[in-house]
Amino acid sequence: MATEERFGEFEELILLAIWSLGESAYSVRIQEQLEEDAGRSSTLGAIYAATDRLERKRLVRSWVGRPTAVRGGRRKRFYAVTARGRAALRRLRAARAVLWSRIDSRPAGVTL
C-alpha cells in the first residue's frame with residue numbers, strides 16, 4: 001500500500017461508512033453509521049478532519065449538494081470513496097484475511 005494510501009482505524013471506518021452509505025454519505029450520516037454499525041461515537045469535528053485527510057490522499061472525493069428544504073437550510077457536503085480508496089480497502093481486507101487465517105489455523109491450545 002502506497003504511503004499516501006495508508007490510514008488508521010478511524011479513517012478505515014470512515015471509508016467503510018462512506019462506501020456503505022453510497023450517494024447519501026454526508027457528515028451526520030457518517031457519524032450515525034459509525035455509532036450504529038461500529039459502536040464508535042465521534043464528534044462531527046473528528047469526521048470533518050478525517051474526511052479532509054482522506055480527500056487529500058485522494059481516497060474520497062466530495063461535492064456540495066443543494067440547500068436543504070428548511071428555511072435557511074444549509075448545503076451538505078457529500079462524500080464518495082474513489083476507485084483508489086476502494087482498492088486500498090480491498091488490499092487491507094485481503095491482508096487481514098491472511099493474518100486471521102494464520103491465527104485460525106493454529107492447533108487448539110496454542111496461544112499468543
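Higher on the page you've got the structure.
1. Quick notes on the packing of helix α1 (residues 9-21) against helix α2 (residues 27-38)
Part 1 of the argument: Relative to each other, α1 and α2 sit at 105 degrees, their axes nearing to 9 Å. In terms of their interaxial angle, α1 and α2 are classed as roughly perpendicular. Between α1 and α2, the residues in contact are F10, L13, I14, A17, I18, S20 and L21 and R29, I30, Q33, L34 and A38, respectively.
Part 2 of the argument: Residue composition of the contact of α1 with α2, grouped by class: 9 nonpolar, 2 polar and 1 charged.

2. Some thoughts on the side chain of E11
Part 1 of the argument: Mapped onto the elements, E11 comes out in helix α1.
Part 2 of the argument: Given a relative accessible area of 7%, E11 falls into the buried group.
Part 3 of the argument: At 3.0 Å, the side chain of E11 and the backbone nitrogen of G8 are in polar contact.
Part 4 of the argument: Polar side-chain contacts of E11 include one of 2.6 Å to the side chain of R53.
Part 5 of the argument: The residues contacting E11, other than those within four sequence positions of it, are R6, A50, R53, L54 and K57.

Calculation rules
- Residues numbered from 1 in each chain as written.
- Predicted model: local features only at pLDDT ≥ 70, side-chain atom pairs only at ≥ 80, totals over all residues.
- Heavy atoms only, no water.
- Axes fitted to C-alpha atoms, helices over the stretch in contact; angles between N-to-C directions.
- Helix = DSSP H or I, 4+ residues; strand = E, 2+ residues; numbered from the N terminus.
- Parallel < 35°, antiparallel > 145°, perpendicular 65-115°, else oblique.
- Contact = heavy atoms within 4.5 Å.
- Nonpolar A, V, L, I, M, F, W, Y, C, P; charged D, E, K, R; others polar.
- Buried < 20%, exposed > 50% of the residue type's maximum accessible area, 1.4 Å probe, protein only.
- Polar contact = N/O pair within 3.5 Å; in protein donor to acceptor, adjacent residues only side chain to side chain.

Keep in mind that these numbers describe shape and distance, not what the molecule does.
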